Amino acid sequence: MRHTRGAIFWLLCAIALAVIVFPLIDIVVTLVRVAAPLLRPSLFATTTQAGGLGVENGILGSLLVGAGVLIVAGPIGVLAGLYIAEFASGRPRALLRFFSEVLSGVPSIVVGYVGYVVLVKALGWGYSLLAAVVALSMLILPYVVKNTEVAFESVPRSLREGAAALGLSRLTTIRRVLLPPALPLIVSGLVLAEAIATGETAPLLFTANWSDLNPQLGLTHNPFGYLTGTVYYSFNLPSKGEHQLAFAAALVTVVMILLMVIAGRLITMRARRMTANLEV
Amino acid sequence: MLVRGRARGISPSPAPAGATAGRESVTRWGDRVTHAVAAVAGMVPLGALAFIVIVMVVSAIPAILFSGTGFFTGSVFSLGSVYAPPIHHHGLTAPFGASYGALPLILGTFVTSLIAIGLAVPISVGGVLMLSEWLPRRAQSFLSLFLELLAGIPSVVFGIWGVYTFGPFMAAHVYPLLTGLGTVIPWLKGPVGAGQGLLTASLVLAIMVVPIVAATTRELVRRVPTLAREGALALGMTRHETAKVVTIPYVRTGILAAALLGWGRALGETMAVLFIIGNVLNGYPQNLYLSANTLSATIAGTLDGALTDSTGTDISALAEIGLVLLVISLVTNFAGRLVIRRVSDQALPVGRGV
């Protein structure tokens, strides 16, 4: 009786595991299957202009906004993480950390709305790269902060004590002693944040809007395309080719994100090994 | 000078022995600048959060005045017609026929997210237990990569997958079986529709939330003391009983926290739901299979239309929807993080996947 009950329990658990594993496989299979007719080099050299079936404008826009997010949220997030890990203490530290984490709970569509009302309208930037970058930065900031914080906190205590014993200043300690071992984890945090930014749609719809052309120069008043937008807008169009394009763009997005996730993971594993060697 | 004021709190670092006075002041100056700059950056996340809340509240005020409690009790959400003369109500103008009753949207949000988290928690816990009890270590690290990848799939991709593959499959093969339960749960009675609706959206949301709950659960299960588990096994308990008596009670509070965080994500999820749920603006679905709508999908789906309204009340109504969504999300997030604080200091995954 005990063993029957156990067997049923584990059978249910195995089904649960299958339910976790199966969707990802099926998603990738579906994307490849539907996108297959479009998967050729010209996909990357064609924009969606005049019904073109390509992701060139989408990729360029996504890369641009990704770079912008890295420039804006990167330094701010790393410094904020540094502050929480190394400078703040007691209650302020707990509060800053808490609210930074809570910021990650703000729905992305709300960030999109705020971006539209404030950046696009009130500040008069129009649909633009700048508005998109600022909105997305708000969204990924908590991840950069959290990973930086964890990176600094995982530096072994012995290194800090050594630095203190040498009488090094705060700045020198951070720059020469703490930063080198913390850097890989900070970088992997940035890579993962970039992956999140690449997959976002809702905040971009109302800050970047959409353009069938390749992104133009100019930070404001320049709507532009992005990969998730190619998925969204093409899927809503009624032709078969557009449908295939939506899946092709989705496949490209997923591959980009998967590469980033794997890269982030490799860097993290390396960092773990490094930190393990430091601990004597 | 504000910058200096902030920096004053720290004690000067001890200068290296034999350093000249000039060097010492340079070092201290560098320390102060670093501290000040980092402090300013440290305030940015809090500032951004406060900014978002303030913008949403301020933008929502006209709609709050316009509809009053009707927002929470009304069943018709309509942006009205911009081709007719605007109407005046409570001293505000709005497009002709505009009505901002969000009750169906609020219910839709709660029903989809609760079904999603209700399924995601047992699936995550079961899957993780299976993994940690039966599979080798190598498979475990493989699955954690798998969960990260699943968390990385964009919402919009879940959306097209749900509409194209998953929804039609469920409507053709699974939902007809579920209608058999219609005698017990009336909302499961047919017709099952084509696969775009409340239930499909909830199921896709469940899949999207699994990585969050499962990653946290895995971290928690890993921390269960080996001695306690070995002790249970030594007492002659089966693996199943050990899991039930030792592992699950040990991780219960942490799973509650993970469930709250996962619920928060399910509440705010937009693009996938926008595709799958079928977007009905007025009224309620007959059963769980048919089209409905949620708060987040309504904002994304109607913002374009609301922009054409020159009175500005439509766009404010969307802000009110966003505000309600924000408040619900922040409350669940707050609660989840408070519970997490009780379980562990940190190192549990944060929110939105990856």
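For the structure, see preceding data.
Please read all numbers here as calculations on a predicted model, not as lab measurements.

Caption draft 1: Structural detail: the overall build of chain A. Along the backbone of chain A there are 10 helices and zero strands. Its C-alpha atoms put chain A at 70 × 70 × 35 Å along the principal axes. Considering chain A as a whole, with its 280 residues, one finds that 56% of them fall into the buried category. Summarising the internal contacts of chain A: among those between residues at least 6 apart in sequence, 74% fall at separations of at least 24. Within the structure as shown, chain A displays about 11,500 Å² of accessible surface, and the carbon and sulfur contribution to it stands at 68%. Chain A carries 19 positive and 12 negative side-chain charges, and their two centres are separated by 8 Å.

Caption draft 2: Representation of the environment of A:Pro23 in the model. Residue placement: A:Pro23 occurs in helix α1 (residues 2-35). Judged by its relative accessible area of 4%, A:Pro23 is buried.

Caption draft 3: Representation of helix α12 (residues 313-343) of chain B. End to end, α12(B) covers 45 Å across 31 residues, agreeing with the expected 45 Å (1.5 Å per residue, within 8%). Burial of α12(B) is extensive: 23 of the 31 residues sit out of reach of the surface.

Caption draft 4: Structural context of the nonpolar core. Of all hydrophobic cores here, the largest spans 201 residues; its most connected members are A:Leu31, A:Val106, A:Val110, B:Ile52 and B:Phe158. With residues near it in sequence (within four places) discarded, A:Leu31 still touches A:Phe247, A:Ala250, A:Leu251, A:Val254, B:Val157 and B:Ile160.

Caption draft 5: Representation of the pattern of salt bridges. For the structure on display, the rule yields 10 salt bridges over all chains. One salt bridge connects A:Arg160 with A:Glu86, and the closest N-O pair in it is separated by 2.8 Å. Taken together, the residues A:Arg160 in helix α6 (residues 157-165) and A:Glu86 in helix α2 (residues 56-87) connect sequence positions 74 residues apart. A residue is classified by how much of its surface remains accessible, and A:Arg160, at 24% relative accessible area, is partly exposed. Salt-bridge contacts for B:Arg337 lead to A:Glu101; the nearest nitrogen and oxygen are separated by 3.6 Å. Residue B:Arg337 is found in helix α12, and its partner A:Glu101 is found in helix α3 (residues 90-103); the two belong to separate chains. Across this residue pair, the class does not change: B:Arg337 and A:Glu101 are buried.

Caption draft 6: Layout of a nonpolar patch on the surface. A contiguous nonpolar surface patch, about 460 Å² in accessible area, is contributed by A:Ile8, A:Leu11, A:Leu12, A:Ile15 and A:Val19. Of note, A:Ile8 is situated in helix α1.

Caption draft 7: The arrangement of the side chain of B:Thr112 in detail. All names here are of chain B. Within the fold, Thr112 resides in helix α4 (residues 103-134). Overall, Thr112 belongs to the buried group, its relative accessible area being 1%. A distance of 3.1 Å separates the side chain of Thr112 from the backbone oxygen of Thr109, its partner in a polar contact. Sequence-distant contacts of Thr112, that is, excluding residues within four places in its chain, are made with Leu198, Ala201, Ser202, Leu205, Ile277 and Thr294.

Caption draft 8: Representation of the packing of aromatic side chains. Tallying each qualifying case throughout the model produces 22 aromatic pairs over all chains. Ring geometry for B:Phe71 versus B:Phe72: centroids 5.1 Å apart, planes at 85 degrees, classification edge-to-face. Note on B:Tyr175 and B:Tyr289: the rings are 5.1 Å apart at their centroids and 45 degrees apart in plane angle, and the pair reads as tilted. Placement of the pair is B:Tyr175 in helix α6 (residues 155-178) and B:Tyr289 in the loop between α10 (271-276) and α11 (295-306), with a sequence separation of 114 residues. The pair B:Tyr175 / B:Tyr289 is uniform in exposure class, with both members buried. Here the aromatic residues A:Trp210, A:Phe224, A:Tyr226, A:Tyr232, A:Tyr233, A:Phe235, A:Phe247, B:Tyr164 and B:Phe275 are joined through ring pairs into a cluster of three or more. Across from the ring centre of B:Trp134, 3.8 Å away, lies the NZ or CZ of B:Arg239, which sits over that ring.

Caption draft 9: Broad picture of the packing of α3(A) against helix α5 (residues 129-153) of chain A. All names here are of chain A. Direction vectors running N to C along α3 and α5 enclose 135 degrees, while the axes themselves pass 8 Å from each other. By the angle between their axes, α3 is oblique relative to α5. The handedness of the crossing between α3 and α5 comes out as left-handed. On α5, the residues touching Arg93, Arg97, Ser100, Glu101 and Leu103 of α3 are Met138, Pro142, Val145, Lys146, Glu149 and Glu153.

Caption draft 10: A look at the interface of chain A and chain B. Counting from both sides, the interface comprises 85 residues of chain A and, opposite them, 98 residues of chain B. Contact with chain B buries surface across chain A, with A:Trp10, A:Ile20 and A:Tyr113 losing the most and accounting together for 10% of the total. There are two salt bridges connecting chain A and chain B. Summed over the shared surface of chain A and chain B, the result is eight residue pairs in polar contact (both at pLDDT 80 or more). Classifying every residue of the side of chain A that touches chain B gives 60 nonpolar, 15 polar and 10 charged.

Caption draft 11: Spatial organisation of unusual backbone geometry. All names here are of chain A. The phi dihedral of Ala50 falls on the positive side, at around 50 degrees, and the residue is not glycine. By the element assignment, Ala50 lies in the loop between α1 and α2. On the basis of relative accessibility, which here comes to 80%, the residue Ala50 falls in the exposed class. One non-glycine residue, Asn209, lies in positive phi territory at about 55 degrees. Turning to its location among the elements, Asn209 is positioned in the loop between α8 (202-205) and α9 (227-235).

Rules behind the numbers
- Residues numbered from 1 in each chain as written.
- Chains lettered and ligands numbered in written order.
- Predicted model: local features only at pLDDT ≥ 70, side-chain atom pairs only at ≥ 80, totals over all residues.
- Heavy atoms only, no water.
- Helix = DSSP H or I, 4+ residues; strand = E, 2+ residues; numbered from the N terminus.
- Buried < 20%, exposed > 50% of the residue type's maximum accessible area, 1.4 Å probe, protein only.
- Contact = heavy atoms within 4.5 Å.
- Areas by Shrake-Rupley, 256 points an atom, 1.4 Å probe, with all protein chains shown as cover.
- Lys, Arg positive; Asp, Glu negative; His and termini not counted.
- Charge placed at Lys NZ, Arg CZ, Asp CG, Glu CD.
- Expected span 1.5 Å × (residues − 1).
- Core = buried A, V, L, I, M, F, W, Y, C linked by side-chain atoms within 4.5 Å.
- Salt bridge = Lys/Arg side-chain N within 4 Å of Asp/Glu carboxyl O.
- Patch = residues over 30% accessible without salt bridge, like charges linked within 9 Å, V, L, I, M, F, W, Y side chains within 5 Å.
- Polar contact = N/O pair within 3.5 Å; in protein donor to acceptor, adjacent residues only side chain to side chain.
- Phe/Tyr/Trp six-rings, centres within 6.5 Å; stacked < 30°, edge-to-face > 60°.
- Lys NZ or Arg CZ within 6 Å of the ring centre and 35° of its normal.
- Axes fitted to C-alpha atoms, helices over the stretch in contact; angles between N-to-C directions.
- Parallel < 35°, antiparallel > 145°, perpendicular 65-115°, else oblique.
- Left-handed = near helix turned anticlockwise from the far one by under 90°.
- Buried area = accessible area lost by both parts, 1.4 Å probe.
- Nonpolar A, V, L, I, M, F, W, Y, C, P; charged D, E, K, R; others polar.

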